Amino acid sequence: ATLAGEQLLGHPKGLFVCFLTEMWERFAFYGMKALLLLYLTKHHLFNDADGYLLLGTYAGLAYALPLLGGILADRFIGMRKAVIYGGILLVLGQLGMAWTGHAAEGVQGQAVQDTGAIQIMYFSLALIGVGVGFLKPNISTIVGRLYPEHDPRRDSGFTIFYMGINVGAFLSSLIVGYVGINYGWGYGFALSGLMMALGLVQFVLGRRHLLGQAEPPAGHTPKAEWLIYAGGVVMTFAVWQVLQTKINFGPLSALVGGHEVTLTELVAVVLGAGLYLWFIKLLLSGISAAEKGRMVMLMVLITVSALFWGLYEQTYGPWLAMADRAMDLTTFGIRWNAAQTTAIGALAVISLSPVFAWLWPRLDRIGLNPSYPAKFAWGLVFCGLAFAVLAYAAANPNADTGLVSLWWMVLAYFVLVMGEMVLSPVGLSAVTSLSIPRAVGMMMGAWFLFSAFGEIIAGRLGTWAAVPHDASREMALATYSSVFTSMMWIGLVAGAALFVVTPLLKRLTRD
Ligand code: GLN
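So, here's what we can say about the structure. (Residues numbered from 1 in each chain as written. Predicted model: local features only at pLDDT ≥ 70, side-chain atom pairs only at ≥ 80, totals over all residues. Heavy atoms only, no water.)

1. Overview of the overall build of the protein
Scanning the protein for helices and strands turns up 15 helices and 8 strands. Taken over C-alpha atoms, the radius of gyration comes to 22 Å for the protein, in line with the 24 Å a tight globule of 511 residues would show. In terms of overall dimensions, the protein has C-alpha extents of about 65 × 55 × 50 Å along its principal axes. Looking at the protein as a whole, 55% of its 511 residues qualify as buried. For the protein, the share of sequence-separated contacts (at least 6 apart) that also reach a separation of at least 24 residues comes to 83%. In the form shown here, the protein has an accessible surface area of approximately 21,100 Å², with 68% of it arising from carbon and sulfur atoms. (Helix = DSSP H or I, 4+ residues; strand = E, 2+ residues; numbered from the N terminus. Rg over C-alpha atoms; globule rule 2.2 N^0.38 Å. Buried < 20%, exposed > 50% of the residue type's maximum accessible area, 1.4 Å probe, protein only. Contact = heavy atoms within 4.5 Å. Areas by Shrake-Rupley, 256 points an atom, 1.4 Å probe, with all protein chains shown as cover.)

2. Details of the site of the ligand
The immediate surroundings of the ligand are formed by Arg-26, Tyr-30, Tyr-63, Lys-136, Tyr-162, Ile-165, Trp-309, Phe-448 and Ser-451. In the environment of the ligand, a nitrogen atom lies 3.0 Å from a nitrogen or oxygen atom belonging to the side chain of Ser-451. Coverage of the ligand by the protein amounts to 93% of the 300 Å² it exposes when considered alone. Elements represented by at least two residues in the shell around the ligand include exactly helix 1 (13-43), helix 4 (153-182) and helix 14 (440-462). Considered class by class, the residues forming the shell around the ligand number 6 nonpolar, 1 polar and 2 charged. (Near = heavy atom within 4 Å. Polar contact = N/O pair within 3.5 Å; in protein donor to acceptor, adjacent residues only side chain to side chain. Nonpolar A, V, L, I, M, F, W, Y, C, P; charged D, E, K, R; others polar.)

3. Remarks on the packing of helix 13 (residues 406-434) against helix 14
The packing of two helices is summarised by the inter-axis angle and the distance between the axes. Axis separation between helix 13 and helix 14 bottoms out at 9 Å; the angle between their running directions is 160 degrees. By the criterion of interaxial angle, the relationship of helix 13 to helix 14 is roughly antiparallel. Crossing angle aside, the handedness with which helix 13 passes helix 14 is right-handed. Residues Leu-423, Ser-424, Gly-427, Leu-428, Val-431 and Thr-432 of helix 13 form the contact with helix 14, whose own contacting residues are Val-440, Met-443, Met-444, Trp-447 and Phe-448. Of the residues in the contact of helix 13 with helix 14, the class split is 8 nonpolar, 3 polar and no charged. (Axes fitted to C-alpha atoms, helices over the stretch in contact; angles between N-to-C directions. Parallel < 35°, antiparallel > 145°, perpendicular 65-115°, else oblique. Left-handed = near helix turned anticlockwise from the far one by under 90°.)

4. A few points about unusual backbone geometry
If you check the backbone angles, Leu-9 has positive phi at about 50 degrees while not being a glycine. Position of Leu-9 relative to the elements: it lies in the loop between strand 1 (7-8) and strand 2 (11-12). Relative accessible area serves as the criterion here: at 72%, Leu-9 is assigned to the exposed category.

5. Things to note about a nonpolar patch on the surface
Where nonpolar side chains cluster on the molecular surface, the patch consists of Tyr-178, Tyr-183 and Tyr-187 and spans about 360 Å² of accessible area. Within the element layout of this structure, Tyr-183 appears in the loop between helix 4 and helix 5 (185-205). Owing to a relative accessible area of 51%, Tyr-183 belongs among the exposed residues under this scheme. (Patch = residues over 30% accessible without salt bridge, like charges linked within 9 Å, V, L, I, M, F, W, Y side chains within 5 Å. Salt bridge = Lys/Arg side-chain N within 4 Å of Asp/Glu carboxyl O.)

6. Side note on the environment of Ile-71
You can see Ile-71 is positioned in helix 2 (residues 48-103). Along the sequence, Ile-71 and Tyr-413 sit 342 residues apart, while their C-alpha atoms lie 35 Å from each other.

7. Quick word on the packing of helix 2 against helix 6 (residues 222-243)
Packing of helix 2 against helix 6 leaves a shortest axis separation of 11 Å and a crossing angle of 175 degrees. By the angle class used here, helix 2 and helix 6 are roughly antiparallel. Only Glu-225, Ile-228, Tyr-229, Gly-232, Val-233, Met-235, Val-239, Val-242 and Leu-243 of helix 6 make contact with helix 2, whose side of the interface consists of Leu-54, Thr-57, Tyr-58, Leu-61, Leu-65, Leu-68, Leu-72, Phe-76, Ile-77, Lys-81 and Tyr-85.

Shown next, in the form of structure tokens:
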């Protein structure tokens, strides 16, 4: 079918409708995420460890639920309605957060422990998680559908779309970070909700540019539609409980030093085990040796990605805490706040993406384009090096002020994002090219599920960096330095190990 809709800048107009929708969705998501740890620890008096765990649990659910949101849209309500429904839940969640930030607001800077407000906060986080689940996978799928099959513009379409993600993250870290800290948490969350709402209005107004590609499947009934919407509400209530449940579960608790684990961690282990079983069954289902080799390589890559994200996502946890407690945040005569430092990551993605998009075809031409596992190994190594930078910086604060310069964090973020560039977009491409065709959808789901595992791992690793709130700056820095050194080793050793097995994996995939 030819999809000759109106064009803009050489792409279907619908791309820009999706771009803006996802940009404002990520604006809301990352703006809130930039404030979340500080909000939990300063406003609701969570200790560090519980703050990191909730951050990981919530973000983990927000990356796991798209699996469900994608399936429900495919089978029942179509992508356009899923995006609108998810967007509405997101707005409600952000407004709920705003209410909790406001209702319990005491004197500026004075913390509040109000159980009613905390329950509404958990519920709001659940609304956002389920909202992301309905919106994120489906807005991405629509982008792919705007191009006829084999259209060479599709890749650059996705590059533009990925830029939208990071422009949204960049703007919100700066703006929501500023408003949330300087005017009050509630205003920051409300601003996130407002921009998501505008993004949604824009999506509804621009719906004709989607060229009918996001409509419900044939045989769709209004009754089934309402059942899905009701299901979303039920899901929200379930997630509300899951988010705040910790349990004592023998083997898993033993693994984390005899502490309780979150219910989400247990669910993740069960889901992960189930996925490996499904995968083994697939390998035994009579596929060719070459296909088997490629699938094994893909599964290794997906598994490694969880470890990568587990380290990477320290940025919204211990990195942010270090910026808040021990950094000199004044540069260019402007005093930034800790939430705003997360903007550096998005800025690094925006500036490095074109470089890598330029680099790969050129390396390829001279026969130096690394294999998938080698790229992933580099990803882990860059990640390890980023932690080396911060570990060094934390051990060497300015002698007069006792503070660490913000420039160390800028350097650490850029090194970290080098890792993201050789792993994240490459991973998406690996899924589509290594998987046997009938399992692509499932493997893509697995890719994001392992991002979710990464978030959950990040929460758990983050607890290593927990410091008491009344700890001195020196003590906090000493903790960050030693924990970041451990994380550096995790990245470097895992990267080295992957380099070692790379030739083996390559041999497996040779026909
Ligand atoms: N930063 C990207 C996004 O927010 C991808 C993150 C991931 O896959 N973990 O969409």
